[in-house]
Amino acid sequence: MAEDQNLRVYDSIVGLLSSEENPTPLVRLNRVIPYKHAQIYAKLEWYNPFGAVKDRIAANMVRDAEERGTLGPGKKLVEPTSGNTGLGLAMIANAKGYTLQTPLSAAIPLEKRTVLRFFGSNVIELDDTLCPAPGAPEGAIASAMRTAESEPDFVMLNQYQNEANLLAHYRTTGPEIWRQTQGKVTHFIAGMGTCGTITGTGRFLKEKRRDVKVVGVYAEDGHDIPGVRSQRQLAQTKLYRPDEYDHTTEVTTRESFDMCFRLNREESIIAGPSSGMALVGGLRFVPDEPGVVAVVIFPDNVFKYASSICRHFPDLCPAVASGDGQAAPSKNEQFLERMFENLKNPYDTVRVDDLRQSLQAANKPFVVDVRESELYAQLRIPDSINIPMQEIPDRSAEFPEDREAPIVLVCGIGKFSKHWTLYLKSMGYRNVRSLKGGVSEWVRKGCPTQSAGA
Ligand SMILES: Cc1ncc(COP(=O)(O)O)c(C=O)c1O
């Protein structure tokens, strides 16, 4: 059989990489859009062969480096990534016989880190922000640069400054949208990470039609949306060219996850959180007028973000959200919980508002987050320290010496931290309490948080 894109028959998986003749789908949004006249289309990038918009740049950066002669037989790839570029590169590397090393932030969802290893990449986990921070000396970008500089076999394609990233979108994403909308596109919207998507696609579309509006969407500081950057982090990306965009706008983590939820529930579109972010931001600049055709990039699907969803929708999966990793509390825990309920002592818990206030006071409580280190790295209460609950007995020396010191224990939803207040009481601490509702309630109330590297 011959390759035939119309019949969707391909000679190999790389034939599935999108192009003007073989585009990713554009799907009209019908329910989450408050419009009568304007048409909003989502471009579903998980229809690329390795599951994300980044497959385009992985293929193009490798092709470009081979053409320049910097990459060839015997060479090894090293690339800092927030996940999707690594996943695409790992598969292109497998197809072409290269090895790949991916230094990345330990805060990246477990799903992405696991699959990256499964695809064959040598994953090096580091203390960095979700999207690697160029200035961080111990971060993923610095690590990749050190490897590429000190070991001559290694090649770093560097998606943050490689024009082949931007050109992948200029040559594929832009022409696809132009053809798919028959030249009718009026607005182009994308979330911003390296900014390859927005700059490359926006540039192509504006060359075709000067009045196409280009809208770039970024996340709030300390966000929990893998793949995209906050305004502060954007300044560090060489492909960020704000003079080529008409608008940029900030979206919160909460807004992004809520829209992601609505896309899945109401549109039956399996979009991930950065798709929700792009849509929320983009709609602020799209008027409801006849003739308006907006295209929003949906970078990847929701399946890579199960652990993030547990954090942001703790009611959906309470056992996981509590950070204990267990499906159900053990007998011992049930006993403790009953005992605790029986005590019904209101002084054993502290409400979010009260903790927030007491953190401003002189005699600040000593806040201990008892969740797994991974969850703590992703999102935490500022100035809290991390002692995972099963380590408390061995790490008792890290608690204050003063048995009167105010201590607040924190977990995902305030259930397991409650149990451990009893343990601390058994050690003689008289002023120990558990945060009611845990980190979930802290986030829900819009209190400040910190994430890895922040
Ligand atoms: C999930 C996700 N959304 C959005 C983006 C942003 O795309 P770009 O890097 O082209 O700005 C990325 C990039 O990694 C991503 O992984």
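Not measured: the values here are computed from a predicted model.

Caption draft 1: Examining the domain arrangement of the protein more closely. One can read the domain layout of the protein as domain 1 (13-52 + 166-308), domain 2 (54-155) and domain 3 (318-444). Just the C-alpha atoms count here: the centres of domain 1 and domain 3 sit 40 Å apart.

Caption draft 2: Structural context of the sheet that holds strand E5 (residues 122-126). With parallel pairing, 4 strands are arranged side by side in an open sheet as E5-E4-E3-E6. Two strands in the sheet have a free side with no partner beyond their single neighbour: E5 and strand E6 (154-155). Of the pairings in the sheet, the one linking strand E3 (residues 76-78) to E6 comprises 2 bridges and is parallel in character. Opposite Leu-77, over in E6, you have Val-155 as the bridge partner. Along the sheet, helix H4 (residues 140-150) makes contact with E3, strand E4 (99-105), E5 and E6, crossing E4 at roughly 150°.

Caption draft 3: Region of the structure containing the side chain of Ser-451. Note on placement: Ser-451 falls in the segment after helix H16 (438-444). Judged by its relative accessible area of 10%, Ser-451 falls in the buried class. What Ser-451 contacts, discounting residues up to four positions off in sequence, is Gly-222, His-223, Ala-377, Gln-378 and Arg-380.

Caption draft 4: The arrangement of the nonpolar core in detail. Formed by 35 residues in total, the largest nonpolar core has its most connected members in Leu-29, Ile-40, Leu-279 and Phe-298. Those elements giving two or more residues to this core turn out to be strand E2 (39-44), strand E8 (213-219), helix H8 (253-266), helix H9 (273-283) and strand E10 (293-298). Examining the composition of this core, we find that 5 residues originate from one element, H9, more than from any other. Not counting the four nearest positions on each side in its chain, Leu-279 is found in contact with Leu-29, Val-32, Ile-33, Ile-40, Met-259, Leu-263, Val-296 and Phe-298. Val-62, Leu-89, Leu-104 and Ala-452 belong to the second largest nonpolar core, which has 30 residues in total.

Caption draft 5: Seen up close, helix H5 (residues 163-180). Look at H5: 25 Å from first C-alpha to last across 18 residues, which is about the 26 Å you get at 1.5 Å a residue. Taking the largest bend as the criterion, H5 deviates by roughly 30°, centred on Tyr-170. Those residues of H5 lying buried are Ala-164, Asn-165, Leu-166, Ala-168, His-169, Thr-172, Thr-173, Gly-174, Pro-175, Glu-176 and Ile-177. Buried residues along H5 sit in contact with E2, helix H1 (54-68), strand E7 (187-191), helix H6 (196-208) and E10. Measuring from the backbone nitrogen of Ala-164 back to the side-chain oxygen at the start of H5 gives 2.8 Å, which picks out Asn-162 as the cap. Phi turns positive one or two residues past the end of H5, at Gln-182, with a value near 50°.

Caption draft 6: Broad picture of the pattern of salt bridges. This structure, assessed with the given rule, holds 26 salt bridges. Arg-113 serves as the salt-bridge partner of Glu-125, at 3.2 Å between the closest nitrogen and oxygen. Here Arg-113 lies in helix H3 (residues 110-118) and Glu-125 lies in strand E5, a separation of 12 residues in the sequence. Overall, Glu-125 belongs to the partly exposed group, its relative accessible area being 33%. Among the ionic pairs, Arg-444 bridges to Glu-441, the shortest N-O distance being 3.1 Å. Of the two residues, Arg-444 and Glu-441 both sit in helix H16, 3 residues apart, roughly one turn of that helix. Each of the salt bridges in this network shares a partner with another, and the network as a whole consists of Lys-43, Glu-45, Arg-56 and Glu-176.

Caption draft 7: Broad picture of the sheet that holds strand E1 (residues 26-28). Pairing is mixed in the open sheet, where 6 strands are placed in the order E1-E2-E10-E7-E8-E9. Looking at which strands have only one partner, the edges of the open sheet turn out to be E1 and strand E9 (247-251). Within the sheet, the average angular offset between the axes of one strand and its neighbour, ignoring direction, is 25°. Taken together, the 5 bridges between E7 and E8 define a ladder with parallel strand orientation. The residue of E8 that forms the bridge with Phe-188 is Val-214. H5 contacts E1, E2, E7 and E10 of the sheet and is inclined by roughly 140° relative to E2.

Caption draft 8: Seen up close, the side chain of Ser-275. With respect to the helices and strands, Ser-275 occurs in helix H9. Non-local contacts of Ser-275, meaning those with residues more than four positions away in its chain, are made with Leu-263, Phe-298, Pro-299 and Asp-300.

Caption draft 9: Quick peek at the site of the ligand. Residues in contact with the ligand amount to 17 residues; listed here are only the nearest, Lys-54, Gly-193, Thr-194, Cys-195 and Thr-197. One of the side-chain nitrogen or oxygen atoms of Lys-54 is found 2.6 Å away from an oxygen atom of the ligand. At 2.5 Å from an oxygen atom of the ligand is found a side-chain nitrogen or oxygen belonging to Thr-197. Protein chains bury 97% of the 380 Å² of accessible surface belonging to the ligand in isolation. When atoms are counted within 2 Å of each cavity's grid points, the one that captures over half of the ligand is the largest cavity. Shared between two domains, the shell around the ligand takes at least three residues from each, and those domains are domain 1 (13-52 + 166-308) and domain 2 (54-155).

Caption draft 10: Representation of the state of the cysteines in the model. One pass over the structure, following the stated rule, counts 0 disulfides. The structure places no disulfide on Cys-260, whose sulfur is separated from the nearest cysteine sulfur, that of Cys-310, by 13 Å. According to the relative accessible area criterion, Cys-260 is buried, its value standing at 4%.

Caption draft 11: Representation of empty space enclosed by the protein. Scanning the model with the defined rule gives 3 cavities of 30 Å³ or more in all. One number sums up the size of the largest cavity: a volume of about 220 Å³. The wall of the largest cavity is formed by 21 residues, among which Val-53, Lys-54, Gly-191, Gly-227 and Pro-299 lie closest to the centre. Elements with a minimum of two residues in the lining of the largest cavity: E7 and H6. Viewed by domain, the lining of the largest cavity spans two of them, domain 1 (13-52 + 166-308) and domain 2 (54-155), each represented by three or more residues. Its boundaries defined by the atoms lining it, the second largest cavity holds a volume of some 80 Å³. Residue lining of the second largest cavity: 10 residues in total, with Arg-311, Arg-371, Gly-412, Val-439 and Ser-440 positioned closest to the centre. When contributions to the lining of the second largest cavity are tallied by element, the ones reaching two or more residues are helix H10 (306-312) and H16. If one sorts the elements of the lining of the second largest cavity by residue count, H16 sits on top with 3 residues. Counted by class, the lining of the second largest cavity contains 5 nonpolar, 3 polar and 2 charged residues.

Cut-offs and rules
Residues numbered from 1 in each chain as written. Predicted model: local features only at pLDDT ≥ 70, side-chain atom pairs only at ≥ 80, totals over all residues. Heavy atoms only, no water. Domains from an automatic or database assignment. Pairing = 2+ DSSP bridges. Helix = DSSP H or I, 4+ residues; strand = E, 2+ residues; numbered from the N terminus. Contact = heavy atoms within 4.5 Å. Axes fitted to C-alpha atoms, helices over the stretch in contact; angles between N-to-C directions. Buried < 20%, exposed > 50% of the residue type's maximum accessible area, 1.4 Å probe, protein only. Core = buried A, V, L, I, M, F, W, Y, C linked by side-chain atoms within 4.5 Å. Expected span 1.5 Å × (residues − 1). Bend = angle between axes of the 7 residues up to and from the residue. Polar contact = N/O pair within 3.5 Å; in protein donor to acceptor, adjacent residues only side chain to side chain. Salt bridge = Lys/Arg side-chain N within 4 Å of Asp/Glu carboxyl O. Near = heavy atom within 4 Å. Areas by Shrake-Rupley, 256 points an atom, 1.4 Å probe, with all protein chains shown as cover. 1 Å grid on protein atoms, 1.4 Å probe; cavity = no way out; pocket = protein on both sides within 12 Å on 5 of 7 lines; lining within 4 Å. Sits in = over half its atoms within 2 Å of the grid points. Disulfide = S-S within 2.5 Å. Points joined across faces, edges and corners; volume = space filled by probe spheres on them. Nonpolar A, V, L, I, M, F, W, Y, C, P; charged D, E, K, R; others polar.

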